[in-house]
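A structural walkthrough
Chain by chain, the residues run as shown.
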Amino acid sequence: MPGDQRTRYLYVVRHAEALPDGSGLTDRGREQAALLGRRLQDIPFATVHHGPLPRAVQTAQLVKQQLAVDVPLEVSELAGDYVPYVPKKDELPTDSADHLLRFVQQSSPEELEHGPELARLALARFTGPADSEQPELLVTHNFLIAWLVTQALDAPPWRWLTLAHCNAALTVLRYTPGRPSSVLVYNDMQHLPAALRWTGFPPGPRV
Ligand SMILES: O=C(O)[C@@H](CO)OP(=O)(O)O
């Protein structure tokens, strides 16, 4: 029954800094993950969900080690790295359509076919009001964070292409019954010292 629904707080983080070969985290990444875990240590998470790639697995393990209580880790393809939505040219702004489509087409045909279905299932699993108010943590990748944030704001779906996130940065989304969903915290790095901030982010101002 809708009356039984509670507010869901979804904590979403991008994995910490990764080695270029994809085999895991750098030393700096391990430090980022531990500091992130320390920031989150008193949040009573029900579960730490994470993607299957080593950078997400290791980040989730290091975060879990810092939590005050034992929280189960749950690996899920839905928390993995995929293209969440493939826009058509006519829904994009004319002055940036070619640029955005070139970016999307860097992914393989298989990724472009399967990603949107995973994204649909991820929205069903991780978003919207829930049975319990116990928060959940999702350790994931840049694209899925962009998708969850733009969907929480009811932005046009192609807008996921315009957001980027830092390694080990925190975003918190709120889904309250009978209210629009909300972005409470976004790409926040206050748990990291200056030398560990902004990794994984495109070139530009660091503020
Ligand atoms: O490749 C990337 O830019 C993103 C896409 O989601 O992945 P990751 O967060 O793993 O770096």
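Further up the page is the structure itself.
Residues numbered from 1 in each chain as written. Predicted model: local features only at pLDDT ≥ 70, side-chain atom pairs only at ≥ 80, totals over all residues. Heavy atoms only, no water.

1. Remarks on helix α5 (residues 142-152)
Across the eleven residues of α5, nine count as buried, placing the element largely inside the fold. Every buried residue of α5 is listed here: Asn142, Leu144, Ile145, Ala146, Trp147, Leu148, Val149, Thr150 and Ala152. For α5, the elements touching its buried residues are β1 (8-14), α4 (109-126), β4 (136-140), β5 (170-175) and β6 (182-188). Positive backbone phi, at 55 degrees, marks Asp154, one or two positions downstream of α5. (Buried < 20%, exposed > 50% of the residue type's maximum accessible area, 1.4 Å probe, protein only. Helix = DSSP H or I, 4+ residues; strand = E, 2+ residues; numbered from the N terminus. Contact = heavy atoms within 4.5 Å.)

2. Examining the nonpolar core
Within the largest apolar cluster, 29 residues are counted, with the highest numbers of intra-cluster contacts made by Leu10, Val12, Leu138, Leu144, Leu148 and Leu173. Counting only elements with at least two residues in this core, the list comes to β1, α3 (97-104), α4, α5 and β5. For this core, the leading source of residues is α5, giving seven residues. Not counting chain neighbours up to four residues away, the residues in contact with Val12 comprise Leu138, Thr140, Ile145, Leu148, Ala169, Leu170, Thr171 and Leu173. If you look at the next biggest cluster of nonpolar residues, it comprises 26 residues, including Phe45, Val63, Leu137 and Leu170. (Core = buried A, V, L, I, M, F, W, Y, C linked by side-chain atoms within 4.5 Å.)

3. Some thoughts on the site of the ligand
Lining the immediate surroundings of the ligand are Arg14, His15, Arg55, Asp81, His141, Asn142 and Phe143. In this structure, an oxygen atom belonging to the ligand sits 2.8 Å away from a side-chain N or O atom of Arg55. Within the side chain of Asp81, an N or O atom sits 2.5 Å from an oxygen atom of the ligand. The protein chains hide 75% of the 310 Å² of surface that the ligand would expose on its own. Partitioning the shell around the ligand into residue classes produces one nonpolar, three polar and three charged. (Near = heavy atom within 4 Å. Polar contact = N/O pair within 3.5 Å; in protein donor to acceptor, adjacent residues only side chain to side chain. Areas by Shrake-Rupley, 256 points an atom, 1.4 Å probe, with all protein chains shown as cover. Nonpolar A, V, L, I, M, F, W, Y, C, P; charged D, E, K, R; others polar.)

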